[in-house]
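Architecture and fold: a report
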Amino acid sequence: MAIEFKGSHFERDVILWGVRWYVAYPLSYRQIEEMMAERGVEVDHSTLHRWVLKYVPKLEDAFLARKRPVGGSWRMDETYVRIKGVWTYLYRAVDKAGATVDFLLTARRDRKAALRFLRKAAGRHGVPRKITIDKSGANTAAIESYNTEHDATIEIRRIKFLNNIVEQDHRAIKRMTRPMLSFKSFWSARITLAGIEIMHMIRKGQLHSTGKLRPAQQFYSLAE
């Protein structure tokens, strides 16, 4: 179902430009405001922020409906994200080919947080055969809890070099969040990170699309 843009003072294409530029490139809202002005569009940076918060959840729903399946061997890890000067945790997993499985922003890094992430990822993509992790006791406990809770048989592997693929994949997300300095709220951080992850997955070829569309065209097609 197409995303509705009625009621906006700006055209659909202009809104999608602003949203994509912010989640696709390491730019601040003020830099995008300047870029828009150079193209004859006068839009305030606060309006750009509202566009991201309003439309990214809708674009995420559209993406998930067309996301390609992932493999059954996952690499799971977490990285850090600063919100109002406080470090929070972004749980992420990729399959052995590097495709993003899922992600979850949490306030803590513990068994409960890791288990929440695992439930979310398995709920969307099915239970994996095996998960490779570092030596995190919390992640180990989370997988063991999931196996007990769901009578599953996920194999736990602790092989450092196999987990390099997810650690390297974190860098693409960190590169994007660096110019943002520090998110002002957990809610806005979660939505913005979802937009960044969507664009990252599109670049990795994880969206079912018709024809050979460039990543930008694939992103815009989510609104159709």
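Use the structure listed above.
For the structure given in this document, a descriptive report is provided here. (Residues numbered from 1 in each chain as written. Predicted model: local features only at pLDDT ≥ 70, side-chain atom pairs only at ≥ 80, totals over all residues. Heavy atoms only, no water.)

**Some remarks on the side chain of threonine 79**
Counted only if it meets this: By the criteria applied, helices consist of DSSP H or I runs no shorter than four residues and strands consist of E runs no shorter than two, each listed in order from the N terminus. Residue burial is assigned from relative accessible area. The probe radius is 1.4 Å, only protein chains are included, and a residue is buried under 20% of its type maximum, exposed over 50%, and partly exposed in between. Any two residues whose heavy atoms approach within 4.5 Å at even a single point are treated as in contact.
Mapping threonine 79 onto the fold places it in strand β1 (residues 73-83). On the accessibility criterion, threonine 79 (9% relative accessible area) is buried. Each residue touching threonine 79, except ones within four places of it in the same chain, is listed here: Thr88, Tyr89, Leu90, His170 and Lys174.

**Things to note about the pairing of strand β3 (residues 100-106)**
To be explicit about the condition: Pairing between strands is defined by DSSP: at least two bridges between them are needed.
When you tally the buried positions in β3, you get 7 out of 7 residues, the bulk of the element. Examined bridge by bridge, strand β2 (residues 86-95) and β3 share 6 bridges and lie antiparallel to one another. Following the sheet pairing, tyrosine 91 is matched in β3 by leucine 104. Connecting the antiparallel pair β2 and β3 is a turn made up of 4 residues, with glycine 98 showing a positive phi of about 95 degrees.

**Some remarks on helix α2 (residues 29-38)**
Let me state the cut-off plainly: The reported arc concerns the directions from the helix axis to the C-beta atoms and nothing else.
Those residues of α2 not exposed but buried are Tyr29, Ile32 and Met36. Summarising the axial view, the buried residues of α2 lie within an arc of 60 degrees, below the 170-degree limit, and thus occupy one face. When the buried face of α2 is taken as reference, the exposed residues oriented beyond 90 degrees from it are Arg30, Glu34 and Glu38. Positive backbone phi, at 85 degrees, marks glycine 40, one or two positions downstream of α2.

**Remarks on the sheet that holds strand β5 (residues 155-157)**
This is how the line gets drawn: A fitted line through C-alpha atoms serves as each axis, taken over the contacting stretch for helices, and the angle formed by two N-to-C directions is quoted from 0 to 180°.
Spatial ordering of the open sheet is given by β3-β2-β1-β4-β5, a layout of 5 strands whose pairing is mixed. For this open sheet the edge positions go to β3 and β5, each flanked by a neighbour on one side alone. For this sheet the average axis-to-axis angle between neighbouring strands, irrespective of direction, equals 25 degrees. Sheet analysis places β1 next to strand β4 (residues 130-132), joined by 3 bridges and oriented parallel. Counterpart to serine 73 in the pairing with β4 is lysine 130. Docked against the sheet, helix α4 (residues 111-125) engages β1, β2, β3 and β4, running at close to 145 degrees with respect to β3. Its contacts with the sheet put helix α5 (residues 137-150) on β1, β2, β4 and β5, and the angle it makes with β5 is roughly 170 degrees.

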